[in-house]
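Each chain is listed here by its residues.
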Amino acid sequence: MSPLSTVAPPTVKKTSSVGSRIRGGARYAPTLATLVLFILMFVVGAGMYPSFLSGQVLLNLFIDNTFLIVLAVGMTFVILTGGIDLSVGAVVALSMMVTATMLQNGWNPAIVILAVLVIGGGLGLLMGMVIQYFDIQPFIVTLAGMFLARGLCYVISLESIPVTDPFFTEMAQARIPLSEELFISPGVLIALVVVGLAFFILHHTRFGRTVYAIGGNENSAMLMGLAVKSTKILVYCVSGLCSAVAGILFSFYSLSGYSLAAQGMELDAIAAVVIGGTLLTGGVGYVLGSVVGVLVLGIVQTFIAYDGTLSSWWTKIVIGGLLLVFILLQRLFTRRTA
Amino acid sequence: MNELVPVVEMTDIAIGFPGVKALDDVSFRLFQGEVHALMGENGAGKSTLIKALTGVYTIDSGRITVLGQQKHFSTPAESQAAGISTVYQEVNLCTNLTVEENVMLGREPRRRGSIDWRAVRARTREVLAQLHLEHVEPGSLLSEHSIAVQQLIAIARSVEVNAKVLILDEPTSSLDADEVNQLFRVIRDLRDRGVAILFVSHFLEQVYELSDRMTVLRNGKLVGEYMTRDLSRMNLISKMIGKDLEVLEELDQASTRSQARLAATAQPFMETTGLGRKGSVSNVNLSIYPGEVVGLAGLLGAGRTETARLLFGADKADEGSLKIKGQPLKMRSPRTAIDHGIGFCSEDRKEEGLIGDLTVRDNLVLAMQATKGWARRIPRRVQDELVAEFIQALDIRPANPEALIRNLSGGNQQKVLLARWMVTSPDLLILDEPTRGIDIGAKTQIQKLVNRLASEGMSILFISSELEEVLRLSDRIAIIKDRAMVADISNDDVSVEDVLTVIAGGAQ
């Protein structure tokens, strides 16, 4: 069997001991569990494959997943309020299609990026308003948004459109050296800026704290006189914006636009957020946890690539198993605190 | 009391919901530095009035002025901005956040666009100290604290804004005696600092202990405003339930029930000792003998339905014990209760009792089938016979087994519900408000039916807001007050006034 099966069980045990040792800090437990899991996988990987133990393997996790990190950040906002956004993958594809088409027609990259951000943010805003004013389940509204965005991709083109714009190819190929043999891509910097911004917004602004309050108890938040309505709308706008940014990052990465791209990426983002310790019921979770969640998904992939004998579908199976374990952990965790 | 301008003045407030007039031209005044109790039974309009003042509901007509300025509240935020803070029965804070956040949420001091967490903590400490809550760590999670402390933290939130008006909606319903005292100390403190306090509670004792003035509502209408010291408990209750004392006395019981058949059986069907549940009711000591009608009296909201739910296993008791035919029994769920021959006609027949989209026959058969188990289907012929029999016996109209329940009148729905339980011939039938909201003819039919069932040997626990009805039907009367059973009296020579005296907490 794969080395992964030997990794998972000890991790679970670790989790509970970490959770109980940090008294009062129980709310960090799920996120810490993920972090421990990640470190463990890295250590085990290093033990099995000597070349695993290099800084670049770690940095590649970031380089290969910039778009997923940004998506997970937006998704964290939505899930923290107790909502869900299924449209993000399709919005990523739409952003890529718009980028590729506009560039092909000779638009200035700056204007293209601005347009993509407006489209992504606007779609999110629209979905948020429908959810809030018509009081409809986020699941169904964002599902409609997903079909809409995906459909628009097909309207633009069924074929893959290459991106040849010098700025985009430069961004795709540029490497920012950290030391003699370590480097990152400009996309990583952008993703980290998004993460930092999201952290600041969630923890140091009233908007961010209202997001948590809504997830904790929406009725209470309303009775406390917080801006519940506008906050609920805005989180979908944030998620839409993040999808647009992710689409641009994915364009840097793949240098093309294709209407079938990013299929199911919304589910990867949700998985990363949940594995990162955010409760699907809302109110508990950290954007940094979601980043670690993405890294865990990434390292699973790296593992399977290193193993070489396993089909890449094992990634999905392992992620499925991890997701289940984390949801069960969360259930235990909420039972204990309730 | 200082007869200055009231802090809050609500004039001719009306609020309607589809089919109901929740508030009908109600006026209300609240002065600085007083504790004002808002009194009335459940459904009298207390919550609606509070929600009008806190901006949760928008008023249809009338005028609200705060400190002389006319206001029109359409969101809680607007009401809070005008200096009105509310602490609700279920603490409306966020348990997933810290104490300091709950106190300051939405008003966090900021520095260059970022929340100044150090200032938040300092301010929270300051406010907590004012409420003698120095031991509460501002950085701890709210969920780590007891409901009582959470309640006080909710008050701290209103102190933080220097609220001029503090509304406390049933703040004591889940607190124990010590916690209530701590809360009252804080409330008096705030009153002495000039805060106007609106207090709603079902506990008469607490209202008399704390309030200076009271406003009584009944059925969405204003009954009057009184100084607490001028209004006796008896008078208060008669105003709440809307009958003059003289009238209540005239309606004295006409119980013609024979005690003879009771003497025959020595063993009660059901016996409870000290049965209770935290936050619900306590000290339920009941013995119900076969063929006996026991009335459960008390004000609406005193804990009557809660008692019924305990006996039926709909809520699990966490103290005391229960015996069925002398055998101790853990009442785990309604299933257990039904297995032991207990039936429960709930107060809310639409929500809990009947399935509106099924026919009269389906609803009756449902109960029969449930007792037989799903595997053994009752033949259609037997169904038809039984259904026809009940329709005739109870005079259900229209006498059509295929009529949809939701098209029946309230009284006839109630009869079907009763029939549903009679089909299963339980040993004990709990009837929660079986005659509420139905016309007088159906009411008498149901009362007669209760009598008949009892004379056939069924035990009945009869819950009703109409004291006369309870007195007329019951052999014994158990009285619930302030969420505890306070008396169990034999209905030999009891008058409405006797019962009221107990409810008011005078003699006995």
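Residues numbered from 1 in each chain as written. Chains lettered and ligands numbered in written order. Predicted model: local features only at pLDDT ≥ 70, side-chain atom pairs only at ≥ 80, totals over all residues. Heavy atoms only, no water.

A. Quick peek at the environment of A:Ala149. All names here are of chain A. For Ala149, the position within the fold is in helix 7 (residues 138–156). Accessibility expressed as a relative area gives 0% for Ala149, which makes it buried. Along the backbone, Ala149 and Val91 are 58 residues apart, and their C-alpha atoms lie at a distance of 5.7 Å. Here Ala149 is in contact with Ala90, Val91 and Leu94, once residues within four sequence places are set aside. (Helix = DSSP H or I, 4+ residues; strand = E, 2+ residues; numbered from the N terminus. Buried < 20%, exposed > 50% of the residue type's maximum accessible area, 1.4 Å probe, protein only. Contact = heavy atoms within 4.5 Å.)

B. Layout of the interface of chain B and chain A. Taken together, the 28 residues of chain B in the interface contact 22 residues of chain A. Summed over both sides, the interface of chain B with chain A buries roughly 2,000 Å², with 55% coming from carbon and sulfur. Contact with chain A buries surface across chain B, with B:Asn92, B:Cys94 and B:Asn96 losing the most and accounting together for 22% of the total. Summed over the shared surface of chain B and chain A, the result is 2 salt bridges. Residue B:Glu101 pairs with A:Arg209 through a salt bridge whose shortest N-O separation is 2.6 Å. Counting across the interface, chain B meets chain A through 12 residue pairs in polar contact (both at pLDDT 80 or more). Per element, the largest residue contribution to the side of chain B that touches chain A is 3 residues, and it comes from helix 2 (residues 76–81) of chain B. (Buried area = accessible area lost by both parts, 1.4 Å probe. Salt bridge = Lys/Arg side-chain N within 4 Å of Asp/Glu carboxyl O. Polar contact = N/O pair within 3.5 Å; in protein donor to acceptor, adjacent residues only side chain to side chain.)

C. How the structure looks around the domain arrangement of chain B. In terms of domain boundaries, chain B breaks down into domain 1 (8–244), domain 2 (245–341 + 429–434 + 459–508) and domain 3 (347–425). Here the C-alpha centre of domain 2 of chain B lies 33 Å away from the C-alpha centre of domain 1 of chain B. (Domains from an automatic or database assignment.)

D. Geometry of the sheet that holds strand 2 (residues 20–30) of chain B. Residue and element names in this part refer to chain B. Pairing in this open sheet of 4 strands is antiparallel, and the strands run 2-1-4-5 from one edge to the other. Here the strands that pair on one side only, and so sit at the sheet edges, are strand 2 and strand 5 (69–71). Between one strand and the next, the sheet's axes are offset by a mean angle of 30 degrees, whatever the strand orientation. In terms of strand pairing, strand 4 (residues 61–66) meets strand 5 through 3 bridges, oriented antiparallel. Residue pairing in the sheet places Thr65 in a bridge with Gln70 of strand 5. Sitting on the sheet, helix 1 (residues 46–53) is in contact with strand 1 (8–17), strand 2 and strand 4, with an inclination near 115 degrees to strand 1. (Pairing = 2+ DSSP bridges. Axes fitted to C-alpha atoms, helices over the stretch in contact; angles between N-to-C directions.)

E. Representation of the pairing of strand 3 (residues 35–39) of chain B. Residues and elements named next belong to chain B. Counting buried positions along strand 3 yields 5 of 5 residues, so the element is predominantly enclosed. Burial along strand 3 is two-sided: the face carrying Val35, Ala37 and Met39 and the face carrying His36 and Leu38 are both buried. Bridge count for strand 3 against strand 10 (residues 196–200) is 3 bridges, and the pairing is parallel. Each residue of the ladder has a partner; that of Val35, found in strand 10, is Ile197. Relative to strand 11 (residues 213–218), strand 3 is paired through 4 bridges, and the arrangement is parallel. By the bridge assignment, Met39 is partnered in strand 11 with Val216.

F. Structural view of a positive patch on the surface. Judged by side-chain charge, B:Arg277, B:Lys316, B:Lys330 and B:Arg332 come together as a positively charged surface patch. Take B:Lys316: it is sitting in the loop between helix 11 (304–312) and strand 16 (319–324). (Patch = residues over 30% accessible without salt bridge, like charges linked within 9 Å, V, L, I, M, F, W, Y side chains within 5 Å. Areas by Shrake-Rupley, 256 points an atom, 1.4 Å probe, with all protein chains shown as cover. Lys, Arg positive; Asp, Glu negative; His and termini not counted. Charge placed at Lys NZ, Arg CZ, Asp CG, Glu CD.)

G. A look at helix 10 (residues 206–216) of chain A. Within helix 10 of chain A, 8 of the 11 residues are buried, which leaves the element mostly enclosed by the surrounding structure. Among the residues of helix 10 of chain A, A:Gly208, A:Arg209, A:Thr210, A:Val211, A:Tyr212, A:Ala213, A:Ile214 and A:Gly215 are the ones counted as buried.

H. Focus on the confidence of the model for chain B. Residues and elements named next belong to chain B. Per-residue pLDDT for chain B has a mean of 82; in total, 90% of the residues score no lower than 70. Element-level pLDDT for chain B is lowest in helix 9 (residues 245–250), with a mean of 48, against a maximum mean of 93 in strand 3. Contacts of residues 247–261 to residues separated by more than four positions or lying in other chains number 33 contacts, the stretch itself having pLDDT below 50. (pLDDT = per-residue confidence, 0-100.)

I. Inspection of the pattern of salt bridges at higher detail. Residue and element names in this part refer to chain B. The final tally for this structure, using the stated rule, is 28 salt bridges over all chains. Note that Glu292 and Arg476 form a salt bridge whose closest N and O atoms lie 2.8 Å from each other. Of this pair, Glu292 sits in the loop between strand 14 (284–288) and strand 15 (293–297) while Arg476 sits in strand 21 (residues 476–481), and the two are 184 residues apart along the sequence. Accessibility classification places Glu292 together with Arg476 in one group, the buried group. We note a salt bridge from Glu456 to Arg452, for which the minimum N-O separation is 3.5 Å. We classify Glu456 as exposed; its relative accessible area is 57%. Among the charged side chains, a network of salt bridges with common partners joins Arg29, Glu34, Arg213 and Glu225.

J. Fine view of the nonpolar core. Grouped together as the largest cluster of nonpolar side chains are 233 residues, with contacts concentrated most on B:Ile155, B:Ile342 and B:Ile430. What B:Ile155 contacts, discounting residues up to four positions off in sequence, is B:Val87, B:Leu131, B:Leu166, B:Leu168, B:Leu183, B:Val186 and B:Leu190. (Core = buried A, V, L, I, M, F, W, Y, C linked by side-chain atoms within 4.5 Å.)

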